[in-house]
Amino acid sequence: MSRTQGRSSNIELLRIVSMFLVLMIHYIPSRPVPTGETLVHDTLGTLFTLELRSICFVCVNCFILISGYFGIRWRLKSFANLLFQIFFWVIVCPLAMAAITGSFELGGLLRAFYNGSTRWFIEAYIGLYVIAPVLNSFIEKSTRRELGLFILAFYLFGTVWGYVGQAVDFNRGMSVISLMGLYFIGAYLRENQEGVFARPAWFHLAVYLVTGFVMVGIAVAGLKAGISKSPHSLINPLIILESVALFLFFKQLNLGSIAWINSVAASAFAVYLIHMDSTVNPYYKAACDYIEAHYSLSFLYTLAFLIGVFVVSVLADKVRIVVYRLTVQRWLKL
């Protein structure tokens, strides 16, 4: 989604981890749904599923925190690369699946194209990209205190109206408004390099893990009270705290610039685009369901499967990069 050349590999490693957690969070529905009954009869399995949710729900938030930290700068080449990556896989995935299954239907491909291009994150991120110059202008003109107070007010409103009130505008965190808040937090973290933000990496990792355990405790309390609705949400303030803590953990790592990490990170977004394509995703879900149903150590087998999906997606995106350089990038230089 953005250039990674020359960047410190600690944040780029977080980009990779975030996309892997996206794969993981889309595997979780294959596991038994936590209920009061499963909590009694399969306590460890239920707690493990709830912990997976807590660990993985930071994935999108961390991805946007990275964008806010570096700042989205309006450049035609960057925007063209983003759009090309999106539409390349929206077109190629249905064609590839049609070739694999031997079923080619023009109407079906057109429907897949439409469905594949309307996934919430793509719409929300493009919206964030479009309005980024306005957000950047506000950030640059604000003092650190003003920006901090704005973020506080934004999340007080977002928690009451968006999370508790389930406002459509926030859509459980799946909207451009929610991404704006995370973008502002990322920018704030960029401008604040001292105090609590300069704590050692282990401190931020501890905050991330402890907050995750707290989320599990809240979920368990809800199940015991007969509340089936999960408290996990992208705009839950505790999930946001988790996301910031994990971001700061990676920020404190001292990895330098490692070429292979930066190269993988440059294609990490393809993992989302490919496995969430409307023609690919049913097979992804079916594979997760099959592993969960047929193997006693299902999580270990699933982990291997997810790693395979990640590696194949990244390698496939390298082909997309070559096509982009030979076509769009060359045309933009004319």
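What you see is a predicted model, and the numbers here were worked out from it, not measured in a lab. (Residues numbered from 1 in each chain as written. Predicted model: local features only at pLDDT ≥ 70, side-chain atom pairs only at ≥ 80, totals over all residues. Heavy atoms only, no water.)

**Considering the overall build of the chain**
Part 1 of the reasoning: For the chain, the helix and strand inventory stands at 16 helices and zero strands.
Part 2 of the reasoning: In terms of C-alpha radius of gyration, the chain reaches 20 Å, essentially the compact-globule figure of 20 Å for 334 residues.
Part 3 of the reasoning: Each principal axis of the C-alpha atoms in the chain carries an extent, and together these give about 60 × 55 × 40 Å.
Part 4 of the reasoning: For the chain, buried positions account for 49% of its 334 residues.
Part 5 of the reasoning: Long-range contacts, defined as pairs at least 24 residues apart, comprise 83% of the intrachain contacts of the chain with a sequence gap of at least 6.
Part 6 of the reasoning: Taken as a whole, the chain presents about 16,300 Å² of accessible surface, with 69% of it coming from carbon and sulfur.
Part 7 of the reasoning: Averaging the locations of the 25 positively and 16 negatively charged side chains of the chain gives two centres separated by 10 Å. (Helix = DSSP H or I, 4+ residues; strand = E, 2+ residues; numbered from the N terminus. Rg over C-alpha atoms; globule rule 2.2 N^0.38 Å. Buried < 20%, exposed > 50% of the residue type's maximum accessible area, 1.4 Å probe, protein only. Contact = heavy atoms within 4.5 Å. Areas by Shrake-Rupley, 256 points an atom, 1.4 Å probe, with all protein chains shown as cover. Lys, Arg positive; Asp, Glu negative; His and termini not counted. Charge placed at Lys NZ, Arg CZ, Asp CG, Glu CD.)

**A look at the pattern of salt bridges**
Here the idea is simple: oppositely charged side chains can pair when their charged atoms come close.
Part 1 of the reasoning: A complete count under the given rule lists five salt bridges for this structure.
Part 2 of the reasoning: Note that Arg31 is salt-bridged to Glu292, the shortest N-O span being 3.8 Å. You can see Arg31 sitting in the loop between helix 1 (9-25) and helix 2 (36-41) and its partner Glu292 sitting in helix 14 (residues 281-294), a full 261 residues away along the chain. In terms of burial, Arg31 and Glu292 fall into one category: buried.
Part 3 of the reasoning: Glu191 is the partner of Arg190 in a salt bridge, and the nearest nitrogen-oxygen pair spans 3.3 Å. (Salt bridge = Lys/Arg side-chain N within 4 Å of Asp/Glu carboxyl O.)

**A word on the packing of aromatic side chains**
Part 1 of the reasoning: With the rule as written, the count across this model stands at 30 aromatic pairs.
Part 2 of the reasoning: Clustering of aromatic rings is evident, with ring pairs tying together Phe63, Trp74, Phe79, Trp120, Phe121, Tyr125, Tyr129, Phe269 and Tyr272.
Part 3 of the reasoning: Directly above the ring of Phe203 sits Arg199, whose terminal nitrogen or CZ lies 4.9 Å from the centroid. (Phe/Tyr/Trp six-rings, centres within 6.5 Å; stacked < 30°, edge-to-face > 60°. Lys NZ or Arg CZ within 6 Å of the ring centre and 35° of its normal.)

**Points about the state of the cysteines**
Part 1 of the reasoning: Enumeration over the complete set of coordinates arrives at zero disulfides.
Part 2 of the reasoning: Unpaired in this structure, Cys56 has its nearest cysteine sulfur neighbour in Cys59, at a distance of 6.9 Å.
Part 3 of the reasoning: On the basis of relative accessible area, Cys56 is assigned to the buried category, the value being 1%. (Disulfide = S-S within 2.5 Å.)

**Looking at the packing of helix 4 (residues 59-70) against helix 7 (residues 120-141)**
Part 1 of the reasoning: Closest axis-to-axis distance for the helix 4/helix 7 pair is 13 Å, and the angle between their directions is 20°. Judged by the inter-axis angle, helix 4 sits roughly parallel to helix 7. Seen from above, helix 4 lies across helix 7 with right-handed handedness. Taken together, the residues of helix 7 that come into contact with helix 4 (itself represented by Val60, Phe63, Ile64 and Ser67) are Trp120, Phe121, Tyr125 and Leu128.
Part 2 of the reasoning: By residue class, the composition of the contact of helix 4 with helix 7 is seven nonpolar, one polar and no charged. (Axes fitted to C-alpha atoms, helices over the stretch in contact; angles between N-to-C directions. Parallel < 35°, antiparallel > 145°, perpendicular 65-115°, else oblique. Left-handed = near helix turned anticlockwise from the far one by under 90°. Nonpolar A, V, L, I, M, F, W, Y, C, P; charged D, E, K, R; others polar.)

**With respect to the packing of helix 1 against helix 11 (residues 237-252)**
Part 1 of the reasoning: Running from N to C, helix 1 and helix 11 point in directions that differ by 140°, and their axes come no closer than 7 Å. By the angle between their directions, the pair helix 1 and helix 11 is classed as oblique. Regarding helix 1 and helix 11, the two cross each other, and that crossing is right-handed. Facing Asn10, Ile11, Leu13, Leu14 and Val17 of helix 1, the residues of helix 11 in contact are Leu246, Phe247, Phe250 and Lys251.
Part 2 of the reasoning: Across the contact of helix 1 with helix 11, the residue classes break down as seven nonpolar, one polar and one charged.

**Overview of the side chain of Glu242**
Part 1 of the reasoning: Along the chain, Glu242 turns up in helix 11.
Part 2 of the reasoning: Despite being buried, Glu242 has no salt bridge partner; Arg53 is the closest side chain of opposite charge, sitting 12 Å away.
Part 3 of the reasoning: Excluding anything up to four places from it in sequence, Glu242 contacts Ser54, Val58, Tyr208, Thr211, Gly212 and Met215.

**Quick look at helix 5 (residues 76-101)**
Part 1 of the reasoning: The first and last C-alpha atoms of helix 5 sit 37 Å apart over 26 residues, in line with the 38 Å expected at 1.5 Å per residue.
Part 2 of the reasoning: One or two residues past the end of helix 5 sits Gly102, with phi positive at roughly 75°. (Expected span 1.5 Å × (residues − 1).)

**A short note on the nonpolar core**
As a rule of thumb, soluble globular proteins bury nonpolar side chains together.
Part 1 of the reasoning: Grouped together as the largest cluster of nonpolar side chains are 92 residues, with contacts concentrated most on Phe121, Leu128, Phe247 and Phe310.
Part 2 of the reasoning: Membership of the second largest hydrophobic core comes to six residues, among which are Leu50, Val216, Ala219 and Val220. (Core = buried A, V, L, I, M, F, W, Y, C linked by side-chain atoms within 4.5 Å.)

**A look at the environment of Cys56**
Part 1 of the reasoning: Here Cys56 lies in helix 3 (residues 43-56).
Part 2 of the reasoning: Taking the C-alpha atoms as reference, Cys56 lies 8.2 Å from Ser18; in sequence the two are 38 residues apart.
Part 3 of the reasoning: Leave out the neighbours within four places in its chain, and Cys56 touches Leu21, Met24, Ile25 and Ile28.

**Regarding the confidence of the model for the chain**
Part 1 of the reasoning: Taken residue by residue, the chain gives an average pLDDT of 88. The fraction at 70 or more is 92%.
Part 2 of the reasoning: Counting contacts from residues 1-5, a segment whose pLDDT is below 50, to residues more than four positions away or on other chains yields 15 contacts. (pLDDT = per-residue confidence, 0-100.)

**Quick notes on helix 3**
Part 1 of the reasoning: In this model helix 3 runs 20 Å from its N-terminal to its C-terminal C-alpha over 14 residues, within 8% of the 20 Å that 1.5 Å per residue would give.
Part 2 of the reasoning: Each element contacted by the buried residues of helix 3 is listed here: helix 1, helix 2, helix 4, helix 10 (201-224), helix 11 and helix 15 (298-326).

**Points about the environment of Val328**
Part 1 of the reasoning: Structurally, the position occupied by Val328 is in helix 16 (residues 328-333).
Part 2 of the reasoning: In this structure Val328 comes out as partly exposed when scored by relative accessible area, which is 21%.
Part 3 of the reasoning: Between the C-alpha atom of Val328 and that of Asn81, which follows or precedes it by 247 residues, the distance is 8.1 Å.
Part 4 of the reasoning: The residues contacting Val328, other than those within four sequence positions of it, are Ala80 and Phe84.

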